[in-house]
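Reading the structure
Each chain is listed here by its residues.
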Amino acid sequence: MALIVHKYGGTSMGSTERIRNVAKRVAKWARAGHQMVVVPSAMSGETNRLLGLAKELSPESTTPELQRELDMIASTGEQVSVGLLAIALQAEGMQAVSYAGWQVPIATDMAYTKARIQSIDDLRVRADLAAGKVVIITGFQGVDANGNITTLGRGGSDTSAVAVAAAMKADECLIFTDVDGVYTTDPRIVPEARRLHTISFEEMLEMASLGSKVLQIRSVEFAGKYRVPMRVLSSFTPWDIPIAEESKSGTLITFEEDEKMEQAVVSGIAFNRDEAKISLLGVPDKPGIAYAILGPVAEANIDVDVIIQNIGHDGRTDFSFTVHRNDYNRTMELLKATVVPQTGAASLSGDPKICKVSIVGIGMRSHVGVASKMFCALSEEGINIQMITTSEIKTSVVIDEKYMELAVRALHKAFDLELAGE
Ligand code: ASP
Ligand code: MG
């Protein structure tokens, strides 16, 4: 008998019919003798609908007072889900009980709309499990020290599930979703993309942060920190497939790197269209210039990703960086108003139509020439690279957005990823 956490995404919970299917699947696991904790998302589209209502009344919800109410509203989607799933399980003849985050409780900090989980008290849940009940806990929400409801950021149910699994030392956390695993890249762009049997947690972390939307990045961080065994799999298989088969499907996030290193240098291609590039040309090349430019940006709470500073000429240099596209206009205004006059930069330019394409693989640590192979593949397609950044296990390039699909396909082919996985 094992303690298993199942997480079901919004699509899997999208209708009462689908919820009935989830209930049957969970009941199958419980009847096989496992202790089951289930963490569902809101029904698909529900969180958007709820937040849309709030937006009709107040388009810019930036104050803490307004954000508190956003969490109050958005968290209800998950509350409906857990109740419906408990009813569906009871209709299957199972004992089941649902809890909101504050009832467990799942304690978070006070950062409304992007709170972080601090602790989970599993006493109540353990007692229910011991009494033979399936326990269903809301994804996405928690409670702060003052009893206010908080939410964990969009896609946060993944993190709820992994955090519950970590707190309860579950044997496995299964993330049921509308794709059947983690792919070498988005199959909508590269039809030859392959499902990976395993991916190391570090690679998954990069893939998640670079734009693969399969898992919320914080859930992967959690899994890594607490070494939670985690699998991403489809909720669209027949609910009654044998557990032995189901437990081997999808993609397992692993912590052993060695076996993987033998297999592939590059495991996946990630891409991200959410960034915009900003350049300050002809800034004085002197100590403190990076701080003079990026200090005010940081103070305005704008995240910066790729940063490049050129070699100086005649006492001047060029400085470029990327920000989230949503922050583009705000950053340009800020630079125009303060940084350009203060630094004496010759000019300011920006381009919101860029994208970042990355190759990811822990095998890159032990192989040379991986980045140059990437550059070669891009040059053969005539794609101009505007910025480059690397880490131990990834190389990213910033290119014109219109070449994104071409670049992803070329790289997928160059690294033989159509042969990856099974
Ligand atoms: N319902 C929330 C959202 O749509 C959380 C989740 O689905 O993971 O972002
Ligand atoms: Mg999700």
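Notes on the structure follow. Owing to the predicted nature of the structure, the values given are computational and were not obtained by experimental measurement.

1. Here's the deal with the overall build of the chain
Tallying secondary structure elements over the chain gives 14 helices and 20 strands in all. A compact globule built from 422 residues would reach a C-alpha radius of gyration of about 22 Å, and the chain, at 23 Å, matches this within 12%. Taken over the C-alpha atoms alone, the chain extends approximately 80 × 50 × 30 Å along its principal axes. Burial analysis of the chain (422 residues in total) assigns 51% to the buried set. In the chain, once contacts between residues fewer than 6 apart in sequence are set aside, the share between residues at least 24 apart is 75%.

2. Remarks on the site of ligand 1
Looking at ligand 1, the residues that line it are S41, A42, T47, E78, F140, R154, G155, G156 and S157. One of the side-chain nitrogen or oxygen atoms of S41 is found 3.1 Å away from an oxygen atom of ligand 1. When isolated, ligand 1 has an accessible area of 260 Å², and the protein chains bury 86% of it. In terms of residue class, the shell around ligand 1 is built from two nonpolar, five polar and two charged.

3. A word on the pairing of strand β13 (residues 268–272)
Along β13, five of the five residues are buried, which leaves the element largely enclosed by surrounding structure. The two faces of β13 match: G268, A270 and N272 on one face and I269 and F271 on the other face are all buried. With five bridges connecting them, β13 and strand β18 (residues 354–360) associate as antiparallel partners. Pairing of A270 across the sheet is with S358, part of β18.

4. Focus on the packing of aromatic side chains
Under the counting rule described, the total for this entry stands at four aromatic pairs. When the centroid spacing of 6.3 Å and the interplanar angle of 65 degrees are considered together, the rings of F319 and F321 count as edge-to-face.

5. A short note on the nonpolar core
Grouped together as the largest cluster of nonpolar side chains are 68 residues, with contacts concentrated most on V5, V37, I137, V357, I359 and L411. Contacts of V357, omitting those with residues within four sequence positions, involve I269, A270, F271, M374, T395, S396, V397, I399, M404, A407, V408 and L411. Counting 26 residues, the second largest nonpolar core, distinct from the first, contains I19, A23, L85 and V134.

6. Concerning helix α7 (residues 201–209)
Residues of α7 that are buried: F201, E203, M204, E206, M207 and A208. At the exit of α7 stands G211, carrying a positive phi of roughly 125 degrees.

7. Regarding the packing of helix α2 (residues 46–57) against helix α3 (residues 64–74)
Closest axis-to-axis distance for the α2/α3 pair is 9 Å, and the angle between their directions is 145 degrees. The hand of the α2/α3 crossing is right-handed. Contacts between α2 and α3 involve T47, L50, L51 and A54 on the former and, on the latter, L70, I73 and A74. Class assignment of the residues belonging to the contact of α2 with α3 gives a composition of six nonpolar, one polar and no charged.

8. Observations regarding the pattern of salt bridges
In this structure the tally under the stated criterion is 20 salt bridges. One connected set of salt bridges, linked through shared partners, spans R25, K28 and E246.

9. What about the packing of helix α11 (residues 289–299) against helix α12 (residues 328–343)?
α12 packs onto α11 with a crossing angle of 145 degrees between their chain directions and a minimal axis gap of 10 Å. α11 and α12 meet at a crossing whose hand is right-handed. Taken together, the residues of α12 that come into contact with α11 (itself represented by I289, A292, I293, P296 and V297) are T331, L334, L335, V339 and T343. For the contact of α11 with α12, a count of residues per class yields eight nonpolar, two polar and no charged.

10. Overview of the layout of surface pockets
One number sums up the size of the second largest pocket: a volume of about 300 Å³. Lining the second largest pocket are 16 residues, and of these I117, A163, F222, K225 and Y226 sit closest to its centre. Listed by contribution, the elements that provide at least two residues to the lining of the second largest pocket are β5 (117–120), α6 (157–167) and α8 (217–226). For the lining of the second largest pocket, the class distribution of residues is nine nonpolar, three polar and four charged.

11. Regarding the sheet that holds strand β14 (residues 275–284)
Pairing within the open sheet is antiparallel, and its four strands lie in the order β15-β16-β14-β17. This sheet does not close on itself; its edge strands, each paired only once, are β15 (304–309) and β17 (347–351). Geometrically, the sheet is characterised by an average inter-axis angle of 15 degrees between neighbouring strands, direction not taken into account. Both β14 and β17 contribute to a ladder of five bridges, which runs antiparallel. Residue pairing across strands places K277 opposite D351, the latter belonging to β17. Along the sheet, α11 makes contact with β14, β15 and β16 (316–324), crossing β16 at roughly 25 degrees. Here α12 sits on the sheet and contacts β14, β16 and β17; the angle it forms with β14, its principal contact strand, is near 5 degrees.

12. Brief notes about the side chain of T150
Counting through the fold element by element, T150 comes out in strand β8 (residues 149–151). Looking at T150, the relative accessible area reads 0%, which means it is buried. Within polar-contact distance, the side chain of T150 engages the side chain of T108 at 2.7 Å. With residues near it in sequence (within four places) discarded, T150 still touches D71, T108, D109, Y112, A115, F140, Q141, G142, V143 and D144.

Procedures and definitions
Residues numbered from 1 in each chain as written. Chains lettered and ligands numbered in written order. Predicted model: local features only at pLDDT ≥ 70, side-chain atom pairs only at ≥ 80, totals over all residues. Heavy atoms only, no water. Helix = DSSP H or I, 4+ residues; strand = E, 2+ residues; numbered from the N terminus. Rg over C-alpha atoms; globule rule 2.2 N^0.38 Å. Buried < 20%, exposed > 50% of the residue type's maximum accessible area, 1.4 Å probe, protein only. Contact = heavy atoms within 4.5 Å. Near = heavy atom within 4 Å. Polar contact = N/O pair within 3.5 Å; in protein donor to acceptor, adjacent residues only side chain to side chain. Areas by Shrake-Rupley, 256 points an atom, 1.4 Å probe, with all protein chains shown as cover. Nonpolar A, V, L, I, M, F, W, Y, C, P; charged D, E, K, R; others polar. Pairing = 2+ DSSP bridges. Phe/Tyr/Trp six-rings, centres within 6.5 Å; stacked < 30°, edge-to-face > 60°. Core = buried A, V, L, I, M, F, W, Y, C linked by side-chain atoms within 4.5 Å. Axes fitted to C-alpha atoms, helices over the stretch in contact; angles between N-to-C directions. Left-handed = near helix turned anticlockwise from the far one by under 90°. Salt bridge = Lys/Arg side-chain N within 4 Å of Asp/Glu carboxyl O. 1 Å grid on protein atoms, 1.4 Å probe; cavity = no way out; pocket = protein on both sides within 12 Å on 5 of 7 lines; lining within 4 Å. Points joined across faces, edges and corners; volume = space filled by probe spheres on them.

By themselves, these are just geometric observations and shouldn't be taken as functional.
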